[in-house]
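Residues per chain, in single letters:
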Amino acid sequence: MRKTILSIFLVLVLFSISWAGMVIGSGVASSGSSYLVEQNFEGTGYDNSETWTETGSGTMNEDYTTTVLAGSQSLYVSASSQAPLISHTFSSTQTEVWGYFLFRPVSTIATGKEIITIKDASGNSSYTIEWVSTGKWIVRINGSGASSYTTNAMSEGTTYHCWWHVKNGNGTAVCSFGFGTTGTEVTSGDGFVSKTNGTEEDNLATVCIGWAGNATATFITDKFLCSATGTLGNQ
Ligand SMILES: [Ca+2]
Ligand SMILES: [Ca+2]
Ligand SMILES: [Ca+2]
């Protein structure tokens with residue numbers, strides 16, 4: 001009898017531990033040193049002790065609570081004939097970076113604009129991930145041109161999971177982007193685009209959200225993650 005009670009108790013303890021692990025592992029990205037960048041926009045300002053710098057003009061609200069994509073706050077970017085840009089410098093320069101973020105178009109971008117830019121230490125754009133006016137996306141390696149458009153297009157009022165990857169090389173530089181409506185990583189197909197034969201060898205120092213130059217657009221983003229060690233995978 002005592003053995004049976006002990007067994008039941010052990011099963012309950014093991015179940016509790018595994019359940020707690022599942023809860024901790026869901027929702028907003030957990031805090032951890034494995035991310036190169038981990039920005040969830042929670043609390044006042046930007047979170048996880050990361051420095052993000054807003055330049056240009058337009059609305060850049062990192063405490064947005066009206067339509068939240070993850071947790072309790074998101075980043076809301078809106079501009080009309082302006083150029084909002086939100087930048088974060090990596091803790092150390094990199095030659096390869098993987099990224100993930102949530103993205104929700106609110107109003108269509110009037111003309112093609114870079115939404116993600118990865119810059120070198122001199123502030124030059126190395127890689128850009130760009131929305132075109134049809135809701136499709138292209139990627140561009142500085143000096144090496146752009147990919148073709150994604151076949152799939154994003155729609156206003158829908159939240160998308162997005163993955164990107166950049167890798168330096170001489171004739172082998174890579175910039176890719178994929179999006180979908182579920183958290184299953186997109187690495188091919190109609191929501192994926194890639195440029196693989198570029199040349200970019202300057203160490204990567206800064207990631208930016210937003211665009212340079214005038215444009216009209218409104219979007220919400222959240223769960224902005226970067227890794228220097230591998231893909232962010234399913235989310
Ligand atoms: Ca959030
Ligand atoms: Ca702000
Ligand atoms: Ca915030």
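Predicted, not measured: the structure shown is a model, and the values here were computed from it.

Draft legend 1. Up close: the overall build of the protein. Assigned secondary structure in the protein consists of one helix and 15 strands. By the burial criterion, 40% of the 235 residues in the protein qualify as buried. In the protein, the proportion of contacts linking residues at least 24 apart, taken out of those at least 6 apart, comes to 66%.

Draft legend 2. Representation of the environment of Ile86 in the model. Of note, Ile86 is situated in strand 5 (residues 85-94). It is 5.5 Å that separates the C-alpha atoms of Ile86 and Thr53, two residues lying 33 residues apart in sequence. The residues touching Ile86, leaving out its near neighbours within four places in the chain, are Trp52, Glu54, Met60, Cys208, Ile209 and Gly210.

Draft legend 3. Inspection of the nonpolar core at higher detail. Formed by 58 residues in total, the largest nonpolar core has its most connected members in Cys162 and Leu225. A per-element tally of this core places strand 15 (residues 215-227) first, with seven residues.

Draft legend 4. Broad picture of the sheet that holds strand 9 (residues 137-141). Read from one edge to the other, the open sheet built from seven strands follows the order 2-5-14-7-8-9-10, with strand pairing classed as antiparallel. A single partner strand is all that each edge strand has here, and the edge strands are strand 2 (53-55) and strand 10 (145-146). Bridge analysis of strand 5 against strand 14 (residues 204-210) gives six bridges, and the strand direction is antiparallel. Each residue of the ladder has a partner; that of Gln94, found in strand 14, is Leu204.

Draft legend 5. Structural context of the confidence of the model for the protein. Confidence in the prediction for the protein averages 89 pLDDT; 86% of positions are at 70 or higher. Long-range and interchain partners of residues 8-32, a stretch whose pLDDT sits below 50, account for eleven contacts in this model, where long-range means more than four residues apart.

Draft legend 6. Focus on the environment of Gly56. Assignment of secondary structure puts Gly56 in the loop between strand 2 and strand 3 (59-64). Here the alpha-carbon distance between Gly56 and Gly213, two residues 157 residues apart in the chain, equals 9.0 Å. In contact with Gly56, not counting residues within four places along its chain, are Gln82, Ala83, Pro84, Leu85 and Gly210.

Draft legend 7. Representation of the pairing of strand 6 (residues 96-107) within the structure. Within strand 6, nine of the twelve residues are buried, which leaves the element mostly enclosed by the surrounding structure. Examined bridge by bridge, strand 6 and strand 11 (residues 160-167) share eight bridges and lie antiparallel to one another. Residue pairing across strands places Phe101 opposite Cys162, the latter belonging to strand 11. By the bridge criterion, eight bridges tie strand 6 to strand 15 in an arrangement that is antiparallel. Bridge assignment links Leu102 to a residue of strand 15, and that residue is Asp222.

Draft legend 8. Layout of unusual backbone geometry. A positive phi angle, close to 60°, is found at Asn48, a residue other than glycine. We classify Asn48 as partly exposed; it has 15 C-beta atoms within 10 Å. One non-glycine residue with positive phi stands out, namely Ser49, at about 55°. Here Ser49 falls in the exposed class, since 7 other C-beta atoms lie within 10 Å of it.

Draft legend 9. A look at the environment of Ala212. Relative to the helices and strands, Ala212 resides in the loop between strand 14 and strand 15. Sequence separation between Ala212 and Leu85 is 127 residues; the distance between their C-alpha atoms is 7.0 Å. Not counting residues within four places of it along the chain, the set of residues in contact with Ala212 comprises Ala83 and Leu85.

Thresholds, definitions, all that
- Residues numbered from 1 in each chain as written.
- Chains lettered and ligands numbered in written order.
- Predicted model: local features only at pLDDT ≥ 70, side-chain atom pairs only at ≥ 80, totals over all residues.
- Helix = DSSP H or I, 4+ residues; strand = E, 2+ residues; numbered from the N terminus.
- Buried ≥ 20, exposed ≤ 12 C-beta atoms within 10 Å, placed from the backbone.
- Contact = placed C-beta atoms within 7 Å.
- Core = buried A, V, L, I, M, F, W, Y, C linked by C-beta atoms within 7 Å.
- Pairing = 2+ DSSP bridges.
- pLDDT = per-residue confidence, 0-100.

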